[in-house]
Every structure is written in C-alpha cells, then in structure tokens.
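Results of the structural survey
Chain by chain, the residues run as shown.
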Amino acid sequence: MGKATLLENAYYKWLKEELIFSDIEDGYVSISSPFVDTNFDNINLYAKFLNKDNIEVSDFGYTIFNLEEAGVHLDKRSKVAWRIYNTALADFGITREGDSLLIRTSLDNFAIAKNRLIQAIMRINDISYLSKGNVKEAFNDLIESFLIKEKVLYTPNVEIPNENGASSHFDFSIPSRTGVERLIKTSARPNDPNYAKVFNYDVKATAPSRNAKFIYVLNNVTHKTTINQNIVGTALSGLKPNLAEVAGFSEIEKDNTLLVNS
C-alpha cells in the first residue's frame, strides 16, 4: 500500500469516527464534530432535507449566542469584529437568518457545505479571542499586508476539492518558479487544537492530488504567545517533514524564505 493511500485511509477513518450523526425532532439530523467552540463544547451542526435533493445545514444560532455570552456583539461599531464576521460569511458562502448561520446545498455537495460551515464558525469564534487583546487588525490582514510589502505574489482563500467529496480551504496560495505551490493555513489562536487538526487533515486530503508544500502559520505576534509544541505535533502528525511545516508569524517576519523558496 502506497503512502498516499495510507494518508487517504487515515483521513477517511477520522471522518467516520469523529463525526456523529443523530436523528432528532422535526426531521433534523444533529452532527457532532470533533472541533470545540469558545465554551470548549463540541461544535454541532443541524441538517434538514428541504426536499429529496437539497439540504439546509445550520448552527441553530449557537455561534452568535456564545459570542454575545462572552460580551462580543457583532455590529458595525466593532469594525474589526464586524469585518472578520462578514468576511467569514463571504469566504465560506454562509447565510445568516436571524441569529442562525446556515448553508443550503444539494445532497451531492453536502460534505463540502458541512466543512464550509464548520470552518466559518471557527473563523467567527476567533473574534472572541481577538477581542480580549483589543486587537485592531485581523491576523490574515497582517499576513496579507506582509506579503504585499515583501512583493510576494499570492491568491487568498483557495478551496480545493478532495476525492472524498469534501473540500479543503487554505487562506493563501503562493506559486513558485519550480512549480511547488505554497498552501498556507493560518490560525489567529496559535494554541487552538481545532485549527491544528483541520490543517493536518486538509494536508492529508489534499497532498495526493496537489504538488504543494503546506505551511501552518500561527499568530504568536499579537498576544506574544509561545507556541505549544503539542499543537505543532498535532498539526504535523503522520506527515513527512518536507511536506508540511509549522511557523510562528514572528519567524516569517524576520525571514520570508519559508513562503517564497522551494
């Protein structure tokens, strides 16, 4: 069995074991994910068939409720929070109805839609973390400004379909002259295991079909945070050393070769 197949099988095994589907009332299916919210509870989604071919997937308003419970109110007066929130909705194709975040999709695209909603929720949950430090700029904005200053060509918000019917989202793609693309995923919360897990599984799902080096960039600048080595281990678990790397943004600010060299 080839190494690519081993990684692919590990990814499928994780999907099967870590997602729990349960029938609940009113025709909804509860989907418990392995990722946690701001209260360290599992992020749950709720799916319902609109007809035989189309599905609505929602968070039932829990994401916004948890933010408000933490004292974070999403309105235009909080410019950074409001922009992070709206950017997440736009990037992942999410709709807000009332306080619920939801996505409507065909049955064939359900796996992609589910992943999009989970990643949007995680991105929106960053607002709670950033607000505690009175942050005036989103982490991806810092990276984007750095890439522009360094004259690094990039494409933001790249979504790559996987063979399992889902897709992987990367915050930046950087081309290279040798043809080895840089695919970058970021985390504003450097010691959050959620993002480390997502990075690891997205690399495993994408590597077999993409000639790329995968880089997980952590925000150790805004809060002057020391990166937990357990997080690094989670992000790189089962991956070849030359396939993926983890770096704090402070390192990249000093030396950008990780992003631009092959």
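Just above sits the structure.
Figured I'd write up the structure that's included with this text. Here the structure is a predicted model, which means the values were calculated and not measured.

Description of the sheet that holds strand β5 (residues 95-97)
Backbone-to-backbone hydrogen bonds pair the strands of a sheet. The strands run either parallel or antiparallel. The six strands are arranged β1-β2-β3-β4-β6-β5 in an open sheet whose pairing can be described as antiparallel. Every interior strand has two partners, whereas the edge strands, β1 (20-23) and β5, have only one. Geometrically, the sheet is characterised by an average inter-axis angle of 30 degrees between neighbouring strands, direction not taken into account. Relative to strand β4 (residues 54-58), strand β3 (residues 42-49) is paired through four bridges, and the arrangement is antiparallel. The partner of Lys48 across the bridge, within β4, is Glu56.

Notes on the pattern of salt bridges
Opposite charge on two side chains lets them pair, provided their charged atoms get close. Counted by the stated rule, this structure contains eleven salt bridges. With a closest N to O distance of 3.0 Å, Glu56 and Arg104 form a salt bridge. Of this pair, Glu56 sits in strand β4 while Arg104 sits in strand β6 (residues 100-106); the two residues are 48 residues apart in sequence, bridging distant segments of the chain. The class of Arg104 is partly exposed, set by a relative accessible area of 43%.

Some remarks on the pairing of β3
Consecutive side chains along a regular strand alternate between the two faces of the sheet. The pairing of strand β2 (residues 28-36) with β3 spans six bridges and is antiparallel. Of the residues in β3, the one forming a bridge with Ser32 is Asn44. Following β2, the chain reverses through five residues before pairing antiparallel with β3; Phe40 in that reversal takes a positive phi of roughly 65 degrees. Connecting β3 to the antiparallel partner β4 that follows it, the hairpin turn spans four residues.

Some details on the pairing of β4
Of all five residues that make up β4, four are buried, and the element is covered over most of its length. As paired strands, β4 and β6 are joined by five bridges and run antiparallel to one another. By the bridge assignment, Glu56 is partnered in β6 with Arg104.

Procedures and definitions
- Residues numbered from 1 in each chain as written.
- Predicted model: local features only at pLDDT ≥ 70, side-chain atom pairs only at ≥ 80, totals over all residues.
- Heavy atoms only, no water.
- Pairing = 2+ DSSP bridges.
- Helix = DSSP H or I, 4+ residues; strand = E, 2+ residues; numbered from the N terminus.
- Axes fitted to C-alpha atoms, helices over the stretch in contact; angles between N-to-C directions.
- Salt bridge = Lys/Arg side-chain N within 4 Å of Asp/Glu carboxyl O.
- Buried < 20%, exposed > 50% of the residue type's maximum accessible area, 1.4 Å probe, protein only.

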